[in-house]
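Fold and geometry: a report
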Amino acid sequence: MLPESKEEFFQSGHPVIRQLREIKEIIFEDEKELPPGVLSLKKLFQRKQMDEYHIDCLVLYKIALGVLKILRKLSDIPVYPGLIDLEDFYADIRSLSPRVFLKNPGRFQILHYEQEYEWYPEDERMFGDVVLFGEEEQKKADVRLLYKVLVASAKGNVRIPPKMNQTDYSELFYQTLPDEWKQIFEGRADVDYEQMELLLRESIEMEENFARKARERRCEKAGKHDKKEEWGAEQKQGVGKTLFCLLVILRTELEEAGKISRLLYQQQDELELEASLSGLSCEQAFIYGSTTISLRKFRSYPPGFRCQCIQQIKEYSVGEALILAADYMEQTMGSRGEGEYRTYLIADGRLENDKVFQVAADLLEKRQKEGMRLYLVSGEDSQCEAFARLEKLVEHQEEGNVNSGNSTISGEDRAGI
């Protein structure tokens, strides 16, 4: 005979509860605490935390794989926990393979006990008037949960496809999902847990192969231009000096939202390689614009850090972003003293050539005369009057120092990366 309440049920030593306690990823508060430093997925997926911990597609795939493993173990018992909130899942992302934990199993829907989620069914009407989940309803709920993880949605409910807003990156991550996942989430495919795990492992392998090939191409490029020998000869001279790199993201083409992120990440890879070989200490700062202009000030980031930039960058913000870059570089050069100062303008698409831009270009030219180096990192479509003005600034800079190398990096130079 079943206990009268769920609390009694969890305290009774029932075989189902004993099986739950054998799943090491499930945390019973009366037995052990969560490891230090873990964050709930709901908190982790807030924009501030996403930026601070640099959560990219690869990290999300690995977190989703950890969530799926727990869901599979529950289905094997079988236990149908009903709707699980993201705040019940916790992740430790300090390692290369994030560990995922599930807390509060007492909230599970167990056998004939109702689930305890106050926001259901208002936010999840796809389940209709279902109160208790069976195997099929649970699978639908689990697929929905994986969707929230893969698009990094901190909301209780999110559309398919999601709508971009100022507080999350859901649309960005949805667009980068393989088509197989989009078909699953749009209801055009019926899959089991094993197939979803296989898809996740393939997605992780694809992202890791991309990163590895990018590193190989960077090494080949460095060898081709004899950069290793050049940086090695200067290594002793570089010790103790600081390389200040200001990266300004000027425009994103919405047709391919990930293009400018790739340009940014690859530039950061090259800077990291140069700093490690030359012995320089590298500090980075970032400026990007959307409805407002944002600035991340100079600081030293750990190896492998890649700035997650905002994807929707408005044309009107280009000149304002460049003015902020010129002013911030002037302030830094005046306060930090000796060091190498560089500004990388990362552009993708046409730039607005208005009066604000013209003022900004004059300020950049003035910073060049004061010792700042200007570089352009561009997509294939970045050809317009404004971009031509920036190219002239770079060309004039190169005429003054023929040994400095080409400071304009086009999309063709990055082909295949």
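Residues numbered from 1 in each chain as written. Predicted model: local features only at pLDDT ≥ 70, side-chain atom pairs only at ≥ 80, totals over all residues. Heavy atoms only, no water.

With respect to the helices, strands and loops of the structure, Val16 is situated in helix α2 (residues 15-21). Taking the C-alpha atoms as reference, Val16 lies 7.4 Å from Ile77; in sequence the two are 61 residues apart. (Helix = DSSP H or I, 4+ residues; strand = E, 2+ residues; numbered from the N terminus.)

Moving on, we get to the packing of helix α13 (residues 317-336) against helix α14 (residues 355-369). Interhelical geometry of α13 versus α14 gives an angle of 25 degrees and a closest axis separation of 8 Å. Here α14 runs roughly parallel to α13, going by the angle between their axes. When the axes of α13 and α14 are compared, the crossing they make is left-handed. Between α13 and α14, the contacting residues are Val318, Gly319, Glu320, Leu322, Ile323, Ala326, Asp327, Met329, Glu330 and Met333 on the first element and Val356, Phe357, Val359, Ala360, Leu363, Leu364 and Arg367 on the second. Classifying every residue of the contact of α13 with α14 by side-chain character gives 12 nonpolar, one polar and four charged. (Axes fitted to C-alpha atoms, helices over the stretch in contact; angles between N-to-C directions. Parallel < 35°, antiparallel > 145°, perpendicular 65-115°, else oblique. Left-handed = near helix turned anticlockwise from the far one by under 90°. Contact = heavy atoms within 4.5 Å. Nonpolar A, V, L, I, M, F, W, Y, C, P; charged D, E, K, R; others polar.)

Take the packing of aromatic side chains next. Describing an aromatic ring pair means giving the distance of the ring centres and the angle of the ring planes. Throughout the structure, instances matching the rule amount to 11 aromatic pairs. Between the aromatic rings of Trp181 and Phe185, the centroid separation amounts to 5.6 Å while the plane-to-plane angle is 20 degrees, which identifies the pairing as stacked. A residue pair is termed a helical-turn pair when its members lie 3 or 4 positions apart in one helix, as Trp181 and Phe185 do in helix α8 (residues 179-185) at four residues. Measuring from centroid to centroid gives 5.4 Å for Phe244 and Phe298, while their planes differ by 80 degrees, and the two rings are edge-to-face. One end of the pair, Phe244, is in strand β5 (residues 242-249); the other, Phe298, is in strand β7 (residues 293-299), with 54 residues separating them in the sequence. Each member of the pair, Phe244 as well as Phe298, carries the same accessibility label: buried. Clustering of aromatic rings is evident, with ring pairs tying together Tyr147, Tyr174, Trp181 and Phe185. Against the face of Phe28 rests Arg21, its NZ or CZ located 4.2 Å from the ring centre. (Phe/Tyr/Trp six-rings, centres within 6.5 Å; stacked < 30°, edge-to-face > 60°. Buried < 20%, exposed > 50% of the residue type's maximum accessible area, 1.4 Å probe, protein only. Lys NZ or Arg CZ within 6 Å of the ring centre and 35° of its normal.)

Summarising burial for strand β9 (residues 373-378): six of the six residues are buried, a large majority. Of the two faces of β9, the one lined by Arg373, Tyr375 and Val377 and the one lined by Leu374, Leu376 and Ser378 are each fully buried. The parallel pair strand β8 (residues 340-347) and β9 is bridged by α14, and the resulting crossover is right-handed. (Right-handed = clockwise from strand over helix to strand, strands pointing away.)

Within the largest apolar cluster, 59 residues are counted, with the highest numbers of intra-cluster contacts made by Leu20, Leu41, Phe45, Ile63, Val67, Phe89 and Trp181. Take this core: its biggest share by element is 13 residues, from helix α5 (residues 57-76). Those residues within four positions of Ile63 in sequence are excluded, and the remaining contacts are Leu41, Leu44, Ala91, Ile93, Pro98, Val100 and Val149. Residues Ala285, Ile287, Ala321 and Leu364 belong to the second largest nonpolar core, which totals 31 residues. (Core = buried A, V, L, I, M, F, W, Y, C linked by side-chain atoms within 4.5 Å.)

Turning our attention to unusual backbone geometry. In this structure, Pro78 follows Ile77 across a cis peptide bond, with omega equal to -5 degrees. Among the secondary structure elements, Pro78 is positioned in the loop between α5 and β3 (89-92). Here the bond from Ile160 into Pro161 is cis, since omega is -10 degrees, no more than 30 degrees from zero. If you trace the backbone, Pro161 turns up in the loop between α6 (135-150) and α7 (170-175). Phi at His54 takes a positive value of approximately 50 degrees, unusual for a residue other than glycine. When you line up the elements, His54 lands in the loop between α4 (47-53) and α5. Judged by its relative accessible area of 10%, His54 is buried. You will see that Ala152, though not glycine, has its phi angle at about 55 degrees, which is positive.

What is shown is where atoms sit, not what they do.
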